[in-house]
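# Observations on the model geometry
Residues per chain are reported as follows:
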Amino acid sequence: MKRQIAMIALLFLGMGMTASAQFGKKFNVGKALQAGKDVVSAVTLSDADIANMSKEYMVWMDAHNPLTKPDTEYGKRLEKLTGHIKEMDGLKLNFGVYEVVDVNAFACGDGSVRICAGLMDVMTDEEVMAVVGHEIGHVVHTDSKDAMKNAYLRSAVKNAAGAASNKVAKLTDSELGAMAEALAGAQYSQKQENEADEYGVEFCVKNNIDPYAMANALTKLAELAKDAPKSSYVQRMFSSHPDTAKRIERAKAKADSYKK
């Protein structure tokens, strides 16, 4: 049985879970002062800083969530869908499936793409790949880098309020947990989502996938949202959000342009 996810940066739908990382209770003045410096340095993080942070983050994510094995049903399906895709727009990619019930996927700045088994359960191969293309689009357009930077900023602020240990060169488990929590609450702008949708259509075309798969995936998510709990982000975003229908129409129009 698929386990519930521990914590994931759900960038496609923006849904968040409860962080599993343990945060310290004892306030440390030295750590708080350092965290204050972190807030400043977050504004000037280099691309190399973000890349290193992304790698650390994905190691943490893979350690805290159940990755499917290659010889499983999900593993074989993943290989069939993505085994031939090594990079996009200069970004080297690696793929994995988390055996969790969430209907979602995300991509990180280091090229890691993770798909939730719940998404694979409800979507066709082409729809899954459209969602994957959408998430890669967020990375290529640097949306994910900006989200990581902002997550670091927010987690540093939180760290200042509840510091528990001396800062080390690498991010601690608690710091990575705080970043995961911040990323889970991140939302992209409508412009960023539209651009990622368009990239999803382009991704499909480049990989011989039905270009209408992006619109189909969005439509299916909107339908799923109708039965989701009213308190959930997916229900609020895809069931009642006035721009959802516009996103679907834009994706269809983009696909039409390729058909013509």
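Everything numeric in this text was worked out from a predicted model, so none of it was measured. (Residues numbered from 1 in each chain as written. Predicted model: local features only at pLDDT ≥ 70, side-chain atom pairs only at ≥ 80, totals over all residues. Heavy atoms only, no water.)

### A short note on the packing of helix 9 (residues 213-226) against helix 11 (residues 243-259)
- In the contact formed by helix 9 and helix 11, the axes pass within 8 Å of each other and the chain directions differ by 160 degrees. In terms of axis orientation, helix 9 runs roughly antiparallel to helix 11. Viewed along their axes, helix 9 and helix 11 form a crossing whose handedness is left-handed. From helix 9, Met214, Ala215, Leu218, Thr219 and Ala222 reach across to helix 11, where they touch Thr244, Arg247, Ile248, Ala251 and Lys252. (Axes fitted to C-alpha atoms, helices over the stretch in contact; angles between N-to-C directions. Helix = DSSP H or I, 4+ residues; strand = E, 2+ residues; numbered from the N terminus. Parallel < 35°, antiparallel > 145°, perpendicular 65-115°, else oblique. Left-handed = near helix turned anticlockwise from the far one by under 90°. Contact = heavy atoms within 4.5 Å.)

### Things to note about the sheet that holds strand 4 (residues 105-107)
- If you trace the three strands from one edge of the open sheet to the other, you get 3-5-4, paired in mixed fashion. Each having just a single partner strand, strand 3 (94-98) and strand 4 make up the two edges of the open sheet. When strand polarity is set aside, the average angle formed by the axes of neighbouring strands in this sheet is 15 degrees.
- Helix 5 (residues 125-140) contacts strand 3, strand 4 and strand 5 (112-116) of the sheet and is inclined by roughly 30 degrees relative to strand 4. (Pairing = 2+ DSSP bridges.)

### Regarding helix 3 (residues 73-82)
- Three or more residues of helix 3 are buried, namely Tyr74, Gly75, Arg77, Leu78, Leu81 and Thr82. Looking straight down helix 3, one finds that the buried residues subtend no more than 165 degrees of arc, so they occupy a single side. Those residues of helix 3 that are exposed and angled more than 90 degrees off the buried face are Glu73, Lys76, Glu79 and Lys80.
- Tucked into the core, helix 3 has its buried residues touching strand 3, strand 5, helix 4 (117-122) and helix 5. (Buried < 20%, exposed > 50% of the residue type's maximum accessible area, 1.4 Å probe, protein only. Arc of directions from axis to C-beta.)

### Describing the environment of Lys92
- Secondary-structure assignment places Lys92 in strand 2 (residues 91-92).
- Lys92 sits in the exposed class, given a relative accessible area of 65%.
- A sequence separation of 18 residues divides Lys92 from Asp110, and the C-alpha atoms of the two residues are 7.9 Å apart.
- Those residues within four positions of Lys92 in sequence are excluded, and the remaining contacts are Lys86, Glu87, Asp110 and Gly111.

### Digging into the pattern of salt bridges
- Counted under the stated rule, the structure contains ten salt bridges.
- Residue Glu202 is joined to Lys254 by a salt bridge in which the shortest nitrogen-to-oxygen separation is 3.2 Å. Taken as a pair, Glu202 in helix 8 (residues 190-206) and Lys254 in helix 11 lie far apart in primary sequence, 52 residues in all.
- Here Glu202 falls in the partly exposed class, since its relative accessible area comes to 22%. (Salt bridge = Lys/Arg side-chain N within 4 Å of Asp/Glu carboxyl O.)

### Here's the deal with the side chain of Gln192
- The topology assignment puts Gln192 in helix 8.
- A polar contact is formed between the side chain of Gln192 and the backbone nitrogen of Ser189, at a distance of 2.9 Å.
- Beyond its immediate stretch of four places on either side in the chain, Gln192 contacts His138 and Asp143. (Polar contact = N/O pair within 3.5 Å; in protein donor to acceptor, adjacent residues only side chain to side chain.)

### Focus: the packing of helix 5 against helix 8
- Packing of helix 5 against helix 8 leaves a shortest axis separation of 7 Å and a crossing angle of 125 degrees. Here helix 5 lies oblique to helix 8, going by the angle between them. Between helix 5 and helix 8 the crossing geometry is right-handed. Counted together, Met129, Ala130, Val132, Gly133, His134, Ile136, Gly137, His138 and Val140 of helix 5 and Gln192, Glu193, Ala196, Asp197, Tyr199, Gly200, Phe203 and Cys204 of helix 8 form the full contact between these two elements.
- In the contact of helix 5 with helix 8, the residues fall into nine nonpolar, six polar and two charged. (Nonpolar A, V, L, I, M, F, W, Y, C, P; charged D, E, K, R; others polar.)

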